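In case you want the letters, here they are:
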Amino acid sequence: MRYLFIVTEKNSANGICVNAVMQSLLRLGHYVDCISNREYGEPYSFQKNGIQYWGVKPRLVYRISSLLARTKNKFWVSKLLNIIAYFLNKIQLFLSIPSWPVISRNYSKRIFTISRRLYDIEPYDYIIPIYTQIDTLIAARRIKILYPSVKYIPYLLDSMAGGYGPKIFSRKWVINRGLKWETKLFSISDQIIMMQSSKDFYDKRKALLGYYKKIVFLDIPLFTPKVNVETRIKHNDGIKHILYIGSIPAHIRNPRFFLEVFTSLTRMDVDLTIIGTSTCETLLKEYCARDKRIKRISQISHDEALKKIDEADILLNLGNSINTMIPSKVFEYMSSGKPIISTAPTKGEPCIPYLAMYDYALIIDESNTIETEVPKLDSFISNAKAIDPNKLSQKFKLNMPDTVAETINLLSK
């Protein structure tokens, strides 16, 4: 079988998830192409780990961000580009209010053009667009209209109607607009893959959704248990190293509560490293200055991130305030068998059910006082130890990339 995946950012969390599924399909003997944003300085087409990648010219804001990665040592250039990108993004979002979640129709057209060109060279059996962003779905739907024989499977790693939108929109407006677009995009789909975290949202509305019967609820496909758990890096410095790795959009996952709990610890045999982008750099710098046990590192590659996870003693997750958003890194965390700390800003925080199935996790409840959570954290650090994640494979079957590949392949039988 020939597969065409479309994911806008191959190095993002969604891109990492899709790569895991594509690798699973490769192991089953299928051919896989992937259309994705062309990074700055990257060739138009290249092969990596058995997958043929095809580059599409991204939106201007993304092109600037890609350029920033090449100028990170030139402070004044980076600062200027950041300012330009910020204002361009705000202007474009404002102008796209009538069409949201479509921000750039030209971008959707570019993805469609490449998809059609590839399909005309040799037809695909499956076209699988990844949300976010909506541009992939729009392009794939147009391919399905032109070539009805191709199996069109929208793969929503984030929730559209049940997810988040620009802060200027009300929750009701985002839901209604999302459902309107879903009806348009999913009516001719052959199957739709969504996340378990979205199931309640769609179950409540299933009588109104003509496409509901096509939905298969799976989960974040990143539970791939480490085989050689005994080969992980161990430290002999007497320090328990806590690691957070990933983005920090502070309006969705705010680090302040955990940082207050951590800085209240009196023990000195522990440190905290925070790696990744954030929208609250001033806050993070403030805590780094206040407590020398806290270290800050800018964004690193996914391969480097996996190495850092191996080096850590304890892994930190910052809980989301939106109950349909589950950070994919939680499943990479669990794949390592390391003890996990996770904050819970709300009672419905979506990681809690998964961590309840994991054998060694601590939930920091933000509805409690800081004084209540400090001794819980202190005790957890003292007793931190790794487990064998291979024993949890059955519990997290829906989170394994092979399960996604098997589900897609059922359509051909």
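Presented here is an overview of the structure given in this document. (Residues numbered from 1 in each chain as written. Predicted model: local features only at pLDDT ≥ 70, side-chain atom pairs only at ≥ 80, totals over all residues. Heavy atoms only, no water.)

## Some words on the environment of Asp 158
Next, step 1: Within the secondary structure, Asp 158 sits in the loop between β7 (155-156) and α6 (171-186).
Next, step 2: Separated by 169 residues in sequence, Asp 158 and Pro 327 place their C-alpha atoms 9.9 Å apart.
Next, step 3: Dropping the residues within four chain positions of it, Asp 158 is found in contact with Asn 14, Tyr 131 and Thr 132.
Next, step 4: At 2.9 Å, the side chain of Asp 158 and the side chain of Thr 132 are in polar contact. (Helix = DSSP H or I, 4+ residues; strand = E, 2+ residues; numbered from the N terminus. Contact = heavy atoms within 4.5 Å. Polar contact = N/O pair within 3.5 Å; in protein donor to acceptor, adjacent residues only side chain to side chain.)

## Focus on the side chain of Ser 189
Next, step 1: Tracing the chain through its elements places Ser 189 in the loop between α6 and β8 (192-195).
Next, step 2: The exposure class of Ser 189 is buried, given its relative accessible area of 4%.
Next, step 3: Looking at Ser 189, its side chain comes within polar contact range of the main-chain oxygen of Phe 186, at 2.8 Å.
Next, step 4: In contact with Ser 189, other than residues within four places in its own chain, are Tyr 152, Pro 154 and Lys 214. (Buried < 20%, exposed > 50% of the residue type's maximum accessible area, 1.4 Å probe, protein only.)

## Description of the pairing of strand β11 (residues 270-275)
Next, step 1: Taken across its six residues, β11 has six buried, putting it largely inside the fold.
Next, step 2: Because side chains alternate across β11, one face comprises the buried residues Val 270, Leu 272 and Ile 274, and the other comprises Asp 271, Thr 273 and Ile 275, equally buried.
Next, step 3: Sheet analysis places strand β10 (residues 240-245) next to β11, joined by six bridges and oriented parallel. Bridge assignment links Leu 243 to a residue of β11, and that residue is Thr 273.
Next, step 4: Read from β10 through helix α8 (residues 256-263) to β11, the crossover connection turns out right-handed.
Next, step 5: Between β11 and its parallel partner strand β12 (residues 294-297), the chain crosses via helix α9 (residues 281-290), and the hand of that crossover is right-handed. (Pairing = 2+ DSSP bridges. Right-handed = clockwise from strand over helix to strand, strands pointing away.)

## Re the pairing of β12
Next, step 1: Judged from the four bridges that link them, β11 and β12 form a sheet pairing that is parallel. Counterpart to Ile 275 in the pairing with β12 is Ile 297.

## Some words on the sheet that holds β10
Next, step 1: Strand order in the open sheet made by the six strands is β12-β11-β10-β13-β14-β15, with parallel pairing throughout. Two strands close off the open sheet at either side, each with one partner strand: β12 and β15 (361-365). Across the sheet, the axes of successive neighbouring strands diverge by a mean angle of 25 degrees, strand direction being ignored.
Next, step 2: Each of β10, β11, β12, β13 (314-317), β14 (340-344) and β15 touches α8; the most contacted strand, β11, lies at about 160 degrees to it.
Next, step 3: Across the sheet, helix α11 (residues 329-336) touches β10, β13 and β14, and the angle it forms with β13 is around 165 degrees. (Axes fitted to C-alpha atoms, helices over the stretch in contact; angles between N-to-C directions.)

## Description of unusual backbone geometry
Glycine aside, a negative phi is what most residues show, and trans is what most peptide bonds show.
Next, step 1: Omega for the bond connecting Tyr 131 with Thr 132 falls within 30 degrees of zero, at 5 degrees, which places this linkage in the cis form.
Next, step 2: Along the chain, Thr 132 turns up in the loop between β5 (126-131) and α5 (134-146).
Next, step 3: The peptide bond linking Thr 132 to Gln 133 adopts the cis configuration, its omega dihedral lying at 25 degrees.
Next, step 4: You can see Gln 133 is positioned in the loop between β5 and α5.
Next, step 5: In this structure, Asn 49 takes a positive phi of about 50 degrees despite not being glycine.
Next, step 6: Checked against the element boundaries, Asn 49 lands in the loop between β3 (45-48) and β4 (51-56).
Next, step 7: Take Asn 49: its relative accessible area is 54%, and that puts it in the exposed class.

## Focus: the packing of aromatic side chains
Next, step 1: Applying the stated rule across the entire model yields 13 aromatic pairs.
Next, step 2: Relative to Tyr 354, the ring of Phe 331 lies with its centre 5.1 Å away and its plane at 85 degrees, an arrangement referred to as edge-to-face. Taken together, the positions of Phe 331 in helix α11 and Tyr 354 in helix α12 (residues 352-357) put the pair 23 residues apart, joining distant regions of the chain.
Next, step 3: Note on Phe 331: relative accessible area 0%, which makes it buried.
Next, step 4: Over the ring of Tyr 126 we find Lys 151, and its NZ or CZ is 5.9 Å from the ring centre.
Next, step 5: Here Arg 293 stacks its cationic end above the ring of Phe 262, 5.0 Å away from the centre of that ring. (Phe/Tyr/Trp six-rings, centres within 6.5 Å; stacked < 30°, edge-to-face > 60°. Lys NZ or Arg CZ within 6 Å of the ring centre and 35° of its normal.)

## Notes on the nonpolar core
Next, step 1: Counting 80 residues, the largest nonpolar core has Phe 5, Met 334 and Ile 341 as the members making the most contacts within it.
Next, step 2: At seven residues, helix α1 (residues 13-27) tops the list of elements feeding residues into this core.
Next, step 3: Contact partners of Phe 5, with chain neighbours within four places excluded, come to Val 18, Val 21, Met 22, Leu 25, Val 32, Asp 33, Cys 34, Ile 35, Ile 128 and Ile 130.
Next, step 4: One finds Leu 4, Ile 35, Leu 179 and Met 194 within the second-largest nonpolar core, a separate group that totals 41 residues. (Core = buried A, V, L, I, M, F, W, Y, C linked by side-chain atoms within 4.5 Å.)

## Some words on a positive patch on the surface
Next, step 1: A surface patch of like charges, here positive, comprises Arg 105, Lys 109, Arg 142, Lys 180 and Lys 184.
Next, step 2: Counting residues per element, the ones that place at least two in the positive patch are α4 (105-121) and α6.
Next, step 3: With respect to the secondary-structure elements, Lys 184 resides in helix α6. (Patch = residues over 30% accessible without salt bridge, like charges linked within 9 Å, V, L, I, M, F, W, Y side chains within 5 Å. Areas by Shrake-Rupley, 256 points an atom, 1.4 Å probe, with all protein chains shown as cover. Salt bridge = Lys/Arg side-chain N within 4 Å of Asp/Glu carboxyl O. Lys, Arg positive; Asp, Glu negative; His and termini not counted. Charge placed at Lys NZ, Arg CZ, Asp CG, Glu CD.)

## Let's talk about the state of the cysteines
Next, step 1: In total, this model carries zero disulfides according to the counting rule given.
Next, step 2: The closest cysteine sulfur to the non-disulfide-bonded Cys 280 is located on Cys 288, 11 Å from its own sulfur.
Next, step 3: By relative accessible area, which is 9% here, Cys 280 ends up buried. (Disulfide = S-S within 2.5 Å.)

Keep in mind these numbers describe shape, not what the thing actually does.
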